[in-house]
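Here are the chains, one letter per residue:
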Amino acid sequence: MTTQHLSDAELAAQPAAYWTGVAYEALIAFTRARQAEFGFTQPQFWLLRNLSKNDISPDGYGMTIAELRQAMSSYLRSEDDLEAESAVLVDRGWLTRDGEGRLWITEAGDEARVDLKKQAPGIRDRIHHGIDDADYVTALKVLQQMIRNTGGPVR
């Protein structure tokens, strides 16, 4: 499906579900490809964020893979293998695993998290190129209203 050469009326008739799905896949693929250029994966970054008391974790207490999977359930993709991703981070010295199977972020891991986080604005800038902030906000408000209209959760 293409929107080139369509009138506003024709565009208004386009299925939002189709386009939001296409946008989701394109944005995830783009983000993950950029992160790979910097030597990390999106799930690795999420692991570091969820284990850092300086980021998502409220207390920095270690978590098992099952606990991490639960914590990331709203954004983890089916192909994301947290066990394999965490093993890479343990090998890098960014995480450790205790005798109970809990993963803990190391000082080097927290420093890496900060360095990795610095890449996010550049990735966002590329995604948002040519899009006015007001238009972006309007698009999100429209999507949120569609979600409300269909009984879905709006955060």
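In the block above lies the structure referred to throughout.
The model shown is predicted, which means the values in this text are computed figures rather than measured ones.

**Q** Any chance you could explain the overall build of the protein chain here in plain terms?
**A** The helix and strand tally for the protein chain stands at eight helices and two strands. In sequence order, the protein chain lays out its α and β elements as α-α-α-α-α-β-β-α-α-α. Taking 2.2 N^0.38 as the reference for a compact globule, 155 residues should give roughly 15 Å; the C-alpha atoms of the protein chain span a radius of gyration of 19 Å, well beyond that estimate. When the 155 residues of the protein chain are sorted by exposure, 29% land in the buried category. Summarising the internal contacts of the protein chain: among those between residues at least 6 apart in sequence, 50% fall at separations of at least 24. Averaged over its 17 positive side-chain charges, the protein chain has a centre that lies 2 Å from the centre of its 23 negative ones.

**Q** In this structure, what is going on with the packing of helix 2 (residues 16-37) against helix 7 (residues 120-128)? I would like to understand it.
**A** When two helices pack together, their arrangement is given by the angle between the helix axes and the distance between those axes. Contact geometry of helix 2 with helix 7 gives a least axis separation of 10 Å together with a crossing angle of 140 degrees. Considered as vectors, helix 2 and helix 7 are oriented oblique to each other. As helix 2 runs across helix 7, the sense of the crossing is right-handed. Together, Leu 27, Phe 30, Thr 31, Arg 34 and Gln 35 of helix 2 and Ile 123, Arg 126 and Ile 127 of helix 7 make up the contact between the two elements.

**Q** How do you make sense of the packing of aromatic side chains when you look at a structure like this?
**A** The relative placement of two aromatic rings is captured by the distance of their centres and the angle of their planes. The full count for this structure, using the stated rule, is four aromatic pairs. Judged by centre distance (4.9 Å) and plane angle (85 degrees), the rings of Tyr 18 and Trp 19 are edge-to-face. Here Tyr 61 and Trp 104 contribute two aromatic rings whose centre-to-centre distance is 4.9 Å and whose plane-to-plane angle is 70 degrees, an arrangement assigned as edge-to-face. Placement of the pair is Tyr 61 in the loop between helix 3 (42-51) and helix 4 (65-71) and Trp 104 in strand 2 (residues 103-105), with a sequence separation of 43 residues. A cation over a ring is seen here: Arg 34 above Phe 30, with NZ or CZ 4.5 Å from the ring centre.

**Q** What exactly am I supposed to notice about the nonpolar core here?
**A** Nonpolar side chains in soluble globular proteins generally cluster together in the buried interior. Residues Leu 68, Met 72 and Leu 82 are the most contacted members of the largest nonpolar core, which totals 18 residues. Where this core is concerned, the elements lending two or more residues are helix 3, helix 4, helix 5 (82-92) and helix 6 (107-117). Ranked by residues supplied to this core, first place goes to helix 3 with five residues. Beyond its immediate chain neighbours, meaning those up to four positions away, Met 72 contacts Trp 46, Leu 47, Asn 50 and Leu 82.

**Q** Is there a simple way to explain the side chain of Thr 31 in this structure?
**A** Mapped onto the secondary structure, Thr 31 falls in helix 2. On the accessibility criterion, Thr 31 (14% relative accessible area) is buried. Apart from the residues lying within four places of it in its own chain, the contact partners of Thr 31 are Gln 42, Ile 123 and Ile 127.

About the criteria used
Residues numbered from 1 in each chain as written. Predicted model: local features only at pLDDT ≥ 70, side-chain atom pairs only at ≥ 80, totals over all residues. Heavy atoms only, no water. Helix = DSSP H or I, 4+ residues; strand = E, 2+ residues; numbered from the N terminus. Rg over C-alpha atoms; globule rule 2.2 N^0.38 Å. Buried < 20%, exposed > 50% of the residue type's maximum accessible area, 1.4 Å probe, protein only. Contact = heavy atoms within 4.5 Å. Lys, Arg positive; Asp, Glu negative; His and termini not counted. Charge placed at Lys NZ, Arg CZ, Asp CG, Glu CD. Axes fitted to C-alpha atoms, helices over the stretch in contact; angles between N-to-C directions. Parallel < 35°, antiparallel > 145°, perpendicular 65-115°, else oblique. Left-handed = near helix turned anticlockwise from the far one by under 90°. Phe/Tyr/Trp six-rings, centres within 6.5 Å; stacked < 30°, edge-to-face > 60°. Lys NZ or Arg CZ within 6 Å of the ring centre and 35° of its normal. Core = buried A, V, L, I, M, F, W, Y, C linked by side-chain atoms within 4.5 Å.

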